[in-house]
Amino acid sequence: MNRAALLEPIILSALEISNRVWLSPMCMYACEERDGQVTDLHRVHYGQYALGSVGLILTEATAVLPEGRVTPFDAGMWCDSHIESWRKVVDTVHGLGGLIAVQLSHAGRKAGHYPGLPGDVHMAITVPPGDGGWQALGGSGLPFGNYPTPRRACDDDLCFVVEAFGKAAQRAVAAGFDAVEIHAAHGYLLHELLSPATNDRTDRWGGNAVGRERLLRETAREVRAAVGPNMPVLVRLSVEDGAPGGLTAADTVRTAMRLVEDGVDLIDCSTGGLMAATTYRPGSGYQVRAGAVVHSAGVRTGAVGMITSAAQAETVVRTGQADVVLLGRELLRDPYWAQHAAIELGGPVTTPHRYYRAYQGQQLRFSISAW
Ligand SMILES: Cc1cc2nc3c(=O)[nH]c(=O)nc-3n(C[C@H](O)[C@H](O)[C@H](O)COP(=O)(O)O)c2cc1C
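Just so it is clear, the structure is predicted and the values come from calculations on it, not from any experiment.

Visitor: I'm lost on the packing of aromatic side chains in this one. Help?
Guide: Remark: the centre distance and the inter-plane angle together describe each pair of aromatic rings, the angle taken between the planes. Evaluated as defined, the whole model comprises two aromatic pairs. Note on F144 and Y147: the rings are 5.0 Å apart at their centroids and 65° apart in plane angle, and the pair reads as edge-to-face. Judged by its relative accessible area of 24%, Y147 falls in the partly exposed class. Above the plane of the ring of F144 lies K110, whose end atom (NZ or CZ) is 4.4 Å from the centre.

So this is what it looks like as structure tokens:
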């Protein structure tokens, strides 16, 4: 029997990734000091996915500027002091045989809220200035839903954002990351500018598709220049806005193809998040179809969104709907999902060599691990 498509390696730029099960970026809101510094909790959290043989671990949205944080507790890459704390996380993952990419982000007009986690004192409301809150930066100056009105970005602000992504990417290289993902989905700054539903600008950052793509494409080129030719650069897009006048999959195909020209290796295909009033019906594999439209244009893609079973994930990759799958909540529930899927799909199971006793009778492959 042929090896499962999910367990085949994939090469992006000069990086070989051992399988097609990746961890989707998920904010942990765990930088308790509100300084963007990741801690031992992040080492354990991301390290467990290396033990669990996830092909590529994507970090949570990591802010390129402090005002680009979704919450005050987000991870950061906006200053050089973040390099050292991220390096500890990266070294832990590498020591356990894993690979890790950082998701660089600017939340734009959606920045500056409390996380609203169970047990929190504050619900998911805007952080007031008295508790360190800040006015969010928007592309249009229009608020997201009932959020406070953001400050409309001027030309200098947007140039500064492009530069900040580039500097953060340089820091990611210095911290030892294996790849970088640019977050241009879910209504965050790059997405707000990209979508005709929210970009009302008439300057060079709007006006037509070329103007609306400018911030994202300049950012992609800046990041590619910062990381050099060998490191994979990924972009997360909302393939469809599901909002009146918003982006369609056909629009996204054109953007994706231009991003490939700019040196992007793979589009991580999410959807939505742009407008507060959208009809959103998540169900099993709910974003796979939209992502497959981008993939059918010859662009390498990742599929994400309620992919939960090995058979489902294998079908997505084997039938060419995406090159890789990203799992979010399912990997929170089961960090060893990739190994369980490998067993279900007939192996081989990749495991740190010290765990081999757990898989006797299985076809084994050992992760390259110092541990
Ligand atoms: C707790 C949590 C935090 C998230 N944070 C991010 C994030 O930082 N960046 C991002 O692009 N998506 C984020 N997402 C979206 C996930 O990456 C993923 O696309 C979404 O949950 C759908 O996949 P799933 O059904 O496998 O969870 C988050 C989702 C969850 C549940």
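Visitor: Even after reading the chapter, I still don't get unusual backbone geometry, so can you show me in this structure?
Guide: Trans peptide bonds make up the majority, and among non-glycine residues the majority have a negative phi. That bond from G347 to P348 is cis: its omega, 0°, falls within 30 degrees of zero. Relative to the elements of secondary structure, P348 occurs in the loop between α10 (337-344) and β14 (349-351). Although it is not a glycine, S13 adopts a positive phi angle of roughly 45°. The residue S13 is located in the loop between β1 (10-12) and β2 (15-17) in this model. At Y29, a residue that is not glycine, the phi angle is positive and equals roughly 50°. Note that Y29 resides in the loop between β3 (21-23) and α1 (40-51).

Visitor: What is the right way to look at helix α2 (residues 81-95) in this model?
Guide: One full turn of an α-helix is made of 3.6 residues, so residues set three or four places apart face in the same direction. Compared with an ideal rise of 1.5 Å per residue, which puts 15 residues at 21 Å, α2 spans 22 Å between its outermost C-alpha atoms and is within 8% of the ideal. What α2 keeps buried is the set H82, I83, S85, W86, V89, V90, T92 and V93. For α2, the secondary structure elements touched by its buried residues are α1, β4 (56-63), β5 (75-76), β6 (100-105) and α3 (155-175). Positioned one or two residues after α2, G97 has a phi angle of 90°, which is positive.

Parameters at a glance
- Residues numbered from 1 in each chain as written.
- Predicted model: local features only at pLDDT ≥ 70, side-chain atom pairs only at ≥ 80, totals over all residues.
- Heavy atoms only, no water.
- Phe/Tyr/Trp six-rings, centres within 6.5 Å; stacked < 30°, edge-to-face > 60°.
- Buried < 20%, exposed > 50% of the residue type's maximum accessible area, 1.4 Å probe, protein only.
- Lys NZ or Arg CZ within 6 Å of the ring centre and 35° of its normal.
- Helix = DSSP H or I, 4+ residues; strand = E, 2+ residues; numbered from the N terminus.
- Expected span 1.5 Å × (residues − 1).
- Contact = heavy atoms within 4.5 Å.

Scope: geometric values only; no functional claims are made or implied.
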